[in-house]
Amino acid sequence: MIGDKKVILSGMQSTGSLTLGNYLGALKNWVSLCEEYECFYMVADLHSITLRQDPAQFRKSARNLLTLYIAAGLDPHKNCIYFQSHVPQHAQLAWVLNCFTYMGELNRMTQFKDKSAKHSDNINAGLYTYPVLMAADILLFQSDLVPVGKDQLQHLEITRDIAQRVNAIYGDVFTIPEPYIGKAGAKIMSLQDPTKKMSKSDENPNASIYLTDDKDTVIRKFKRAVTDSEANIAYNDEQAGIHNLIDIYGACTGKTPDEVVREFNGKGYGDFKMAVGEAVADTLSPIQTRFDELSKDKAYIDSIIKDNAEKASYYAEKTLRKVMKKVGFTEKIR
Ligand code: TRP
């Protein structure tokens, strides 16, 4: 708790361009939380170097992600938006937690298995201990709630295990975090394979809508979206492509699946795809305009980066000192 508010922390990795899936599934839902909760949203740049990054590209996409958080509607005066690497307590706590995490636990992480299969030339120790850094992110702010997608639930589970283990040894050190299951964030699937999640690391650019895609690109990608031969707009699991388009249209217009089905009753897939494309382009356009404005205002973004890193460090340091003291490190002479 900070004051009388529960704490929320989440983050995204700063590599690749964010997709419509990241926006509708996560970012859009974060925007409404700041009145009720004390929210921290980091650009998880320390996590990014578990895979090799080109330095210039990495620096640019990290800043773009932070800017996009704001452009998408996160008020940086009501939400603490910062770079993980600017708050060294993340890495410090991660070291301590490493010593309370078992290799057996890390061996079970499915994301590690997937990523090491995909990047077999670079299975580094950071990739392996990635969940411990994520645990540090969460526990550093004594977070109560963590909005995460399904793919990250296992990491949240290990975070809880580590926190409980530390608490059992040293007394009350950490708040035990829970997953935040809000208004179901839409789960957006690939436009080329609607059984797969839309992902920013998809090699086929037609599979994902990027938040930076212009209207023509958006419409072209929806025209090419994989559907089926039913020629009937219905909301069911057999028609995964149409199901996905209904979800996307619904998320952009605020309509329920039933309403969407009724609206397009008797219409062809061509018309429907066009309407979805338009709705998505209309959703993205104000974000893109704001992003362009913000990107030009270097001084403003710099001030947000600086002020929020200070704010995050303040809370992070409080927890870190408590942990160091409980574990038995000698206190620094100040
Ligand atoms: N691992 C998360 C992802 O790839 C990003 C992340 C890092 C995160 N630290 C976090 C998410 C802490 C929630 C809380 O999506």
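Keep in mind that this is a model prediction, so the values were computed, not measured.

1. Re the overall build of the protein chain
Secondary structure assignment for the protein chain yields 13 helices and five strands. Taken against the 2.2 N^0.38 rule, which gives 20 Å for 334 residues, the C-alpha radius of gyration of the protein chain at 21 Å falls within 12% of a compact globule. With respect to the three principal axes, the spread of C-alpha positions in the protein chain is 75 × 45 × 40 Å. For the protein chain, buried positions account for 49% of its 334 residues. A gap of 4 Å separates the mean positions of the 41 positive and 42 negative side-chain charges of the protein chain.

2. A look at the environment of leucine 106
Its place among the elements puts leucine 106 in helix H5 (residues 103-107). A C-alpha to C-alpha distance of 32 Å links leucine 106 and valine 31, two positions 75 residues apart in sequence.

3. Some remarks on the site of the ligand
In the vicinity of the ligand there are 14 residues, among which Met42, Tyr130, Met134, Asp137 and Gln152 approach most closely. The separation between a nitrogen atom of the ligand and a polar side-chain atom of tyrosine 130 is 2.8 Å. The side chain of glutamine 152 places a nitrogen or oxygen atom 3.1 Å from a nitrogen atom of the ligand. Here the ligand has 360 Å² of accessible area as a free molecule, and 89% of this is covered by the chains. At the level of secondary structure, the elements contributing two or more residues to the shell around the ligand comprise strand S1 (7-12) and helix H7 (125-140). Looking at the shell around the ligand, the element that brings in the most residues is H7, giving four residues. Looking at the shell around the ligand residue by residue, the classes come out as eight nonpolar, five polar and one charged.

4. A few points about the state of the cysteines
What the rule picks out here adds up to zero disulfides. Here cysteine 39 stays free of any disulfide, with the sulfur of cysteine 34 as its closest cysteine sulfur at 6.2 Å. Using a relative accessible area of 0% as the deciding quantity, one classes cysteine 39 as buried.

5. Some remarks on the packing of aromatic side chains
A full pass over the atoms with the stated rule returns twelve aromatic pairs. Note on tryptophan 30 and tyrosine 69: the rings are 5.7 Å apart at their centroids and 70° apart in plane angle, and the pair reads as edge-to-face. With tryptophan 30 in helix H1 (residues 20-30) and tyrosine 69 in helix H3 (residues 55-71), this residue pair connects regions lying 39 residues apart in the sequence. Comparing tryptophan 30 with tyrosine 69, the two get one shared label, buried. Taken together, a centroid distance of 5.9 Å and an interplanar angle of 75° make the contact between phenylalanine 100 and tyrosine 170 edge-to-face.

6. Some thoughts on the packing of H7 against helix H8 (residues 153-170)
Look at H7 against H8: their axes get within 9 Å of each other, and the N-to-C directions meet at 70°. The angle between H7 and H8 places the two elements in the roughly perpendicular class. For the element pair H7 and H8, the recorded crossing hand is right-handed. Judged by residue contacts, Tyr130, Pro131, Met134, Ala135, Ile138 and Leu139 of H7 engage His155, Leu156, Ile158, Thr159, Ile162 and Ala163 from H8.

7. Considering the pattern of salt bridges
With the rule as written, the count across this model stands at 16 salt bridges. Between arginine 290 and glutamate 293 there is a salt bridge, with the nearest N and O atoms lying 3.3 Å from each other. Of this pair, arginine 290 and glutamate 293 both sit in helix H12 (residues 269-296), three residues apart, which is roughly one turn of the helix. The salt bridge partner of arginine 334 is glutamate 317, with a shortest N-O separation of 3.9 Å. Within this pair, whereas arginine 334 is found in the segment after helix H13 (298-327), its partner glutamate 317 is found in helix H13, the two being separated by 17 residues in sequence. Salt bridges sharing partners connect three or more residues here, namely Arg63, Lys298 and Asp302.

8. So, the pairing of strand S3 (residues 79-83)
The buried count for S3 comes to five of five residues, which makes it a mostly enclosed element. Alternating positions in S3 separate into two faces, Asn79, Ile81 and Phe83 on one and Cys80 and Tyr82 on the other, with burial throughout. Alignment of strand S2 (residues 38-43) against S3, held across five bridges, turns out to be parallel. Residue cysteine 39 lies in a different strand from S3, and its bridge partner there is asparagine 79.

9. Describing the domain arrangement of the protein chain
When its domains are assigned, the protein chain resolves into domain 1 (7-181 + 298-327) and domain 2 (215-293). The distance between the C-alpha centroids of domain 1 and domain 2 comes to 32 Å. Facing nine residues of domain 1, the contacting portion of domain 2 comprises ten residues. Both faces combined, the contact of domain 1 with domain 2 buries some 810 Å², and carbon together with sulfur accounts for 82% of it. Summed over the shared surface of domain 1 and domain 2, the number is one residue pair in polar contact (both at pLDDT 80 or more).

10. Structural notes on unusual backbone geometry
For glutamine 142, which is not glycine, the phi torsion reads 50° and is therefore positive. Here glutamine 142 is to be found in the loop between H7 and strand S4 (145-146). With a relative accessible area of 14%, glutamine 142 lands in the buried category. A positive phi angle, near 55°, is found at alanine 231, a position not held by glycine. Here alanine 231 shows up in the loop between helix H9 (215-223) and helix H10 (240-253).

Rules used throughout
Residues numbered from 1 in each chain as written. Predicted model: local features only at pLDDT ≥ 70, side-chain atom pairs only at ≥ 80, totals over all residues. Heavy atoms only, no water. Helix = DSSP H or I, 4+ residues; strand = E, 2+ residues; numbered from the N terminus. Rg over C-alpha atoms; globule rule 2.2 N^0.38 Å. Buried < 20%, exposed > 50% of the residue type's maximum accessible area, 1.4 Å probe, protein only. Lys, Arg positive; Asp, Glu negative; His and termini not counted. Charge placed at Lys NZ, Arg CZ, Asp CG, Glu CD. Near = heavy atom within 4 Å. Polar contact = N/O pair within 3.5 Å; in protein donor to acceptor, adjacent residues only side chain to side chain. Areas by Shrake-Rupley, 256 points an atom, 1.4 Å probe, with all protein chains shown as cover. Nonpolar A, V, L, I, M, F, W, Y, C, P; charged D, E, K, R; others polar. Disulfide = S-S within 2.5 Å. Phe/Tyr/Trp six-rings, centres within 6.5 Å; stacked < 30°, edge-to-face > 60°. Axes fitted to C-alpha atoms, helices over the stretch in contact; angles between N-to-C directions. Parallel < 35°, antiparallel > 145°, perpendicular 65-115°, else oblique. Left-handed = near helix turned anticlockwise from the far one by under 90°. Contact = heavy atoms within 4.5 Å. Salt bridge = Lys/Arg side-chain N within 4 Å of Asp/Glu carboxyl O. Pairing = 2+ DSSP bridges. Domains from an automatic or database assignment. Buried area = accessible area lost by both parts, 1.4 Å probe.

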